[in-house]
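Here is what each chain is made of, one letter per residue.
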Amino acid sequence: MAFFKKKKIEWDKALLPAHLGIIMDGNGRWAKKRALPRSAGHRAGAKTFRTITRYCSNIGIKYLTVYAFSTENWKRPQEEVDALMTLFEEYLREALTDFKDDDIVVKFIGDKTAFSPKLQALIDETESSSAQRPGMVLNIAMNYGSRDELVTATKKIAEKISEHSLKIDEITEQTVSDNLYTAGQPDPDLIIRPSGDHRISNFLLWQSAYAEYIVMDILWPDFKTSDLDAALLEFTKRSRRFGGV
Ligand code: IPE
Ligand code: IPE
Ligand code: MG
């Protein structure tokens, strides 16, 4: 897709997506192009994550969800998984102080129990120390899979029914939404997938029922704020009908 590139757009907050999702894909291909190990691609991708997160917060995005590690990514070679876990630890340590000045609230969506106790403790600390901030909510999807999220939600709802705190007839779409990791947040308006693959890869299946999708032919480590501007500009031109006319 060709995008019109323009520098330094002054964004009208009313036109921006309230909730933006990004599938941070292409780190491996970026590294391969440079004959580097895949871990170098992840390191470069983590830098982009920081730049783009800060930019989103500055222009007035209210919710940003980034896909960092899927429930399927454990299938990768152990060496790559280990490198990613080390990188997450490093980045969480930095995020504890880093996003403070930007007033960013950091949340993790996904099954945390699979992570090492050290990483889980860092996740908890990052969440609790940022919870009261007034700024953008950053959801980091780690060991996240939409199907897993829906199974977990189903179990929570079934539990309420067996405890008689909920009746089967009372189950609505809202009940499902309220039992997802993203409970209380608006659905994503726009999902961007860099690196050219036209697929969802188990990301926010329920929540993205009416999200706009933009696939870009740029590898995540190469993704610049001007690329985000181009995607946002494209988003403002879409006609969203939500099934209406
Ligand atoms: C995304 O980049 C990061 C993770 C999935 C952890 P990839 O590692 O999937 O990069 P490609 O798709 O192989 O280029
Ligand atoms: C999706 O990318 C997950 C993340 C970016 C974290 P993948 O690289 O895992 O997706 P597939 O395997 O190409 O579908
Ligand atoms: Mg990939």
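Only a predicted model underlies this, so the values are computations on that prediction, with no experimental measurement involved.

(A) Representation of the domain arrangement of the chain. For the chain, the domain assignment lists domain 1 (14–135) and domain 2 (148–182). Each of domain 1 and domain 2 has a C-alpha centre, and these two points are 28 Å apart.

(B) Structural view of the site of ligand 1. In the vicinity of ligand 1, 13 residues are found, and the nearest of them are Asp25, Gly28, Arg29, Arg38 and Arg76. In the model, an oxygen atom of ligand 1 is placed 3.3 Å from a nitrogen or oxygen of the Gly26 main chain. The protein chains hide 87% of the 380 Å² of surface that ligand 1 would expose on its own. For the shell around ligand 1, the elements supplying multiple residues, two or more each, are helix 1 (27–33), helix 2 (38–59) and helix 3 (78–98).

(C) Looking closely at the pattern of salt bridges. Going through the model one piece at a time under the given rule, you end up with 17 salt bridges. A salt bridge links Arg76 to Glu80, with the shortest nitrogen-to-oxygen separation between them at 2.9 Å. For Arg76, a relative accessible area of 28% corresponds to the partly exposed category. By relative accessible area, which is 8% here, Glu80 ends up buried. Three or more residues joined by partner-sharing salt bridges are found here, namely Asp25, Arg29, Arg193, Asp197 and Arg199.

(D) Examining helix 7 (residues 225–237) more closely. In a regular helix each residue adds 1.5 Å, so 13 residues correspond to 18 Å; helix 7 covers 19 Å between its end C-alpha atoms and thus fits that length. Inspection of helix 7 places Asp227, Leu228, Asp229, Ala230, Ala231, Leu232, Leu233 and Phe235 among the buried residues, and these make up the whole buried set. Contact partners of the buried residues in helix 7: strand 1 (19–23), helix 2, strand 5 (190–194) and strand 6 (212–216).

(E) Structural detail: the site of ligand 2. In the neighbourhood of ligand 2, the contacting residues comprise Ile23, Met24, Asp25, Tyr67, Ala68, Phe69, Asn73, Arg76, Arg193, Arg199 and Ser201. Between ligand 2 and Arg193 there is a distance of 3.4 Å, counted from an oxygen atom to a side-chain nitrogen or oxygen. Residue Arg199 places a side-chain N or O atom 2.8 Å away from an oxygen atom belonging to ligand 2. Relative to its unbound accessible area of 390 Å², ligand 2 is 78% covered by the protein chains. Here the shell around ligand 2 takes three residues from strand 2 (residues 63–70), the largest share from any one element. Each residue belonging to the shell around ligand 2 can be placed in one class, and the counts come to five nonpolar, two polar and four charged.

Here is what the cut-offs are and how they apply
Residues numbered from 1 in each chain as written. Chains lettered and ligands numbered in written order. Predicted model: local features only at pLDDT ≥ 70, side-chain atom pairs only at ≥ 80, totals over all residues. Heavy atoms only, no water. Domains from an automatic or database assignment. Near = heavy atom within 4 Å. Polar contact = N/O pair within 3.5 Å; in protein donor to acceptor, adjacent residues only side chain to side chain. Areas by Shrake-Rupley, 256 points an atom, 1.4 Å probe, with all protein chains shown as cover. Helix = DSSP H or I, 4+ residues; strand = E, 2+ residues; numbered from the N terminus. Salt bridge = Lys/Arg side-chain N within 4 Å of Asp/Glu carboxyl O. Buried < 20%, exposed > 50% of the residue type's maximum accessible area, 1.4 Å probe, protein only. Expected span 1.5 Å × (residues − 1). Contact = heavy atoms within 4.5 Å. Nonpolar A, V, L, I, M, F, W, Y, C, P; charged D, E, K, R; others polar.

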